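Here are the chains, one letter per residue:
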Amino acid sequence: MAPSRALLIQRMASACIRPQIRLFSSPAAAAVVRPRCIRAAVTPRSRHSPGTTRAYSAPADGAPEPPDFLNEAELHVFNKIRGELEPTKLEVQDISGGCGSMYAIEIESPKFKGLTVIKQHKLVNQVLKEEIAQWHGVQLRTRAP
């Protein structure tokens, strides 16, 4: 007995096979569409357990302290932002798998008060100008408290 259509689709999805779908019935106008792979991309979290929170709220007396699990490059970025922008909340994570080419940064700072998101990002870009020049990409999330 042949496998059901649902089973075939399930197998294709799990194997990340991209089926070909013909849009037109005539051979002259046949166009092939390749749908995106169904398998989801997973961000590596090598040093962190799934339940670990990576947001750092500032203590009552000032700027947030860097957590002990940051690597050297993350710590450098963390300290540079902390020194220039005086954040109340700061999160820095290398999302490139450890090679230091892409970072996700979340900053909450009183210096952002009254600024648009674009101006907030420009302020962060100015602070990290030398570092960003060496990176492949950066994800910024900024907001005023």
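Here the residue numbers are simple positions, counted from 1 along each chain's written sequence. Thresholds applied to this predicted model are a pLDDT of at least 70 for local features of residues and 80 or more for the giving and counting of side-chain atom pairs; totals over whole chains, interfaces and linings are not thresholded and use all residues. Neither water nor hydrogens contribute to the side-chain values; these are computed over all heavy atoms in the structure.

### Brief notes about the pairing of strand E3 (residues 89–94)
Looking along a regular strand, one sees side chains alternate from face to face of the sheet.
Okay, so step 1: The buried label applies to any residue whose accessible area, calculated with a 1.4 Å probe on protein chains only, is under 20% of its type's maximum; exposed applies above 50%, and partly exposed to all values in between. Note on conventions: DSSP H or I runs of at least 4 residues are helices, E runs of at least 2 residues are strands, and numbering of each starts at the N terminus. The element E3 is largely enclosed, with a buried count of 6 among its 6 residues.
Okay, so step 2: Here E3 shows no split at all, with Lys 89, Glu 91 and Gln 93 on one side and Leu 90, Val 92 and Asp 94 on the other all buried.
Okay, so step 3: By the convention used here, strands pair only if DSSP detects at least 2 bridges between them. Two strands pair when backbone bridges link them, and E3 and strand E4 (residues 102–108) are joined in this way by 6 bridges, in the antiparallel orientation. Bridging across to E4, Leu 90 finds its partner in Ile 107.

### Focus: the pattern of salt bridges
Okay, so step 1: The salt bridge criterion pairs a side-chain nitrogen of Lys or Arg with a carboxyl oxygen of Asp or Glu, the two atoms within 4 Å. Across all of its chains, the model carries 5 salt bridges by this definition.
Okay, so step 2: In this structure, the salt-bridge partner of Lys 80 is Glu 131, at a minimum N-O distance of 3.2 Å. Here Glu 131 lies in helix H4 (residues 129–134) and Lys 80 lies in helix H2 (residues 72–85), a separation of 51 residues in the sequence.
Okay, so step 3: Judged by relative accessible area, which is 25%, Lys 80 ranks as partly exposed.
Okay, so step 4: Of the residues examined, Glu 131 reaches a relative accessible area of 10% and is grouped as buried.
Okay, so step 5: Between Arg 143 and Glu 106 there is a salt bridge, and its shortest N-O distance comes to 3.0 Å. A residue pair is termed long-range when its members are at least 10 positions apart, and Arg 143 in strand E5 (residues 137–143) and Glu 106 in strand E4 qualify at 37 residues.

### Comments concerning H2
Okay, so step 1: In this model H2 runs 20 Å from its N-terminal to its C-terminal C-alpha over 14 residues, within 8% of the 20 Å that 1.5 Å per residue would give.
Okay, so step 2: Those residues of H2 not exposed but buried are Glu 74, Val 77, Phe 78, Ile 81 and Leu 85. What you see down the axis of H2 is that its buried residues fit within an arc of 100 degrees, all on one side. In H2, those exposed residues whose orientation departs by more than 90 degrees from the buried face are Glu 72 and Gly 83. For a helix, the expected span equals 1.5 Å multiplied by the number of residues minus one. The directions considered for the arc are those from the helix axis to the C-beta atoms.

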